[in-house]
Amino acid sequence: HPHIVRLHGFEQDRHTAFILMEYIDGASLRSVIFDARTGLSLGRVKKVMHAVCGALYYAHNMGMVHCDIKPANVMLDKYGEVRLADFGIARVTDGATATLVGAGTPAYMAPEQIRRENPVPQTDIYALGIMLYEMLTGGERPFTGDQAQITGGTAQKICWEHLNLSPPSVRRWNPSIHPALDAVVQKCLQKRVEDRYANAVELLNAFELATENVAIEKIIPVPAHRNQTSAAPQKKAVFVRPKKTSTAPVWGYALLGGILLIFFAAFCDYL
């Protein structure tokens, strides 16, 4: 697939096994988000979503689930082309092995992945929802472990939040995000598999529809501390039709002036 890093083969040198894959001259999406420090432009987000959704739809139709979708595994080459990389823990959907169940990166793991259930295409859609969350907010994640009600390491706390907490709106970090786009992210991050998008194309179609609304309704960022409902109403331009001026008074004044001029000339001749 044009948006999947090419795998050339598995090799072994004595006791060292390694994967030989295509070299991408560029940077990871993680670096791009970090360097931007704010939400990426809508155009850039669209390009990433088109490429990754296409790559995932292809992989899922081939019976593979990536299981580790995250910005660090999305590469942008020097020409701006997007490639999905690192299928190292990808799973065959109909041939799961117990040793790999639950593998992944805690910040992006879907609830079923944390519960060590067999991954499905919607498992990748959940992780892609978190990646979309980061692109829109400048690197913020919905679950960081800060709200966990358990003790333990950061990874354990993050996993607890995935299982028990609802993700905060992306508008918390970026109020300019259209509610329709926020709804797309929220649907990706539903706890139950059946409540998420059925496949990557369905997600991409919903994303496209939401961003069409953004294009139609020009969004003006509002500071987070302000209540949008109490904002001053938008002023409307009022067009006033210019009053028509009548030419009748002008002719009247000219006629009167002419008469007065005649009387004045006659009076001067009399004198």
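Below: a short report on this structure. Just so it is clear, the model here is predicted, and its values are computed rather than measured. (Residues numbered from 1 in each chain as written. Predicted model: local features only at pLDDT ≥ 70, side-chain atom pairs only at ≥ 80, totals over all residues. Heavy atoms only, no water.)

### Remarks on the pairing of strand β5 (residues 74–77)
The condition is simple: Think of it in three bands: residues with accessible area under 20% of the maximum for their type are buried, residues over 50% are exposed, and the middle band is partly exposed, with areas taken using a 1.4 Å probe on protein chains only. Helix numbers and strand numbers start at the N terminus; a helix is a DSSP run of H or I with at least 4 residues, a strand a run of E with at least 2. We treat two strands as partners when DSSP finds at least two bridges between them.
Both faces of β5 are covered, namely the face carrying Val74 and Leu76 and the face carrying Met75 and Asp77. Direction of pairing for strand β3 (residues 26–28) relative to β5: antiparallel, over a ladder of three bridges. Within β5, the position partnered with Ala27 by the bridge is Leu76. Of the strand pairs in this sheet, β5 and strand β6 (residues 82–84) are connected by three bridges, and their pairing is antiparallel. Across the sheet, residue Met75 finds its bridge partner in β6, namely Arg83. Hairpin remark: β5 followed by β6, antiparallel, with four residues in the connecting loop; positive phi at Gly80, about 90°.

### What about unusual backbone geometry?
For Arg14, which is not glycine, the phi dihedral falls at a positive 55°. As for its position among the elements, Arg14 is in the loop between β1 (7–13) and β2 (16–21). For Arg14, a relative accessible area of 70% puts it in the exposed group. The residue Cys67 is not glycine, and still its phi comes out positive at about 75°. Note on placement: Cys67 falls in the loop between β4 (64–65) and β5. Classification of Cys67 as buried rests on a relative accessible area of 6%.

### Section: the sheet that holds β5
Threshold: Between N-to-C directions, angles span 0 to 180 degrees; the directions come from axes that are lines fitted to C-alpha atoms, helices contributing only their stretch in contact. Throughout, a residue-residue contact means that at least one pair of heavy atoms, one from each residue, lies within 4.5 Å.
Spatial ordering of the open sheet is given by β3-β5-β6, a layout of three strands whose pairing is antiparallel. Lying at the two open borders of the sheet, with one neighbouring strand each, are β3 and β6. Put simply, the sheet's adjacent strands are angled 25° from each other on average, direction ignored. Its contacts with the sheet put helix α2 (residues 42–61) on β5 and β6, and the angle it makes with β6 is roughly 35°.

### Quick notes on the pattern of salt bridges
Think of it this way: side chains of opposite charge can pair up when their charged atoms draw near. Stated precisely, the cut-off is as follows: Between Lys or Arg on one side and Asp or Glu on the other, a salt bridge is scored when a side-chain nitrogen of the former is within 4 Å of a carboxyl oxygen of the latter.
Scanning the model with the defined rule gives nine salt bridges in all. A salt bridge links Glu112 to Arg196; its shortest N-O distance comes to 2.9 Å. Linking Glu112 in helix α3 (residues 111–114) with Arg196 in the loop between α6 (179–188) and α7 (200–216), this pair joins segments that are 84 residues apart in sequence. Its relative accessible area of 2% is what places Glu112 among the buried residues. For Arg196, a relative accessible area of 3% puts it in the buried group. Arg192 is the partner of Asp195 in a salt bridge, and the nearest nitrogen-oxygen pair spans 2.9 Å.

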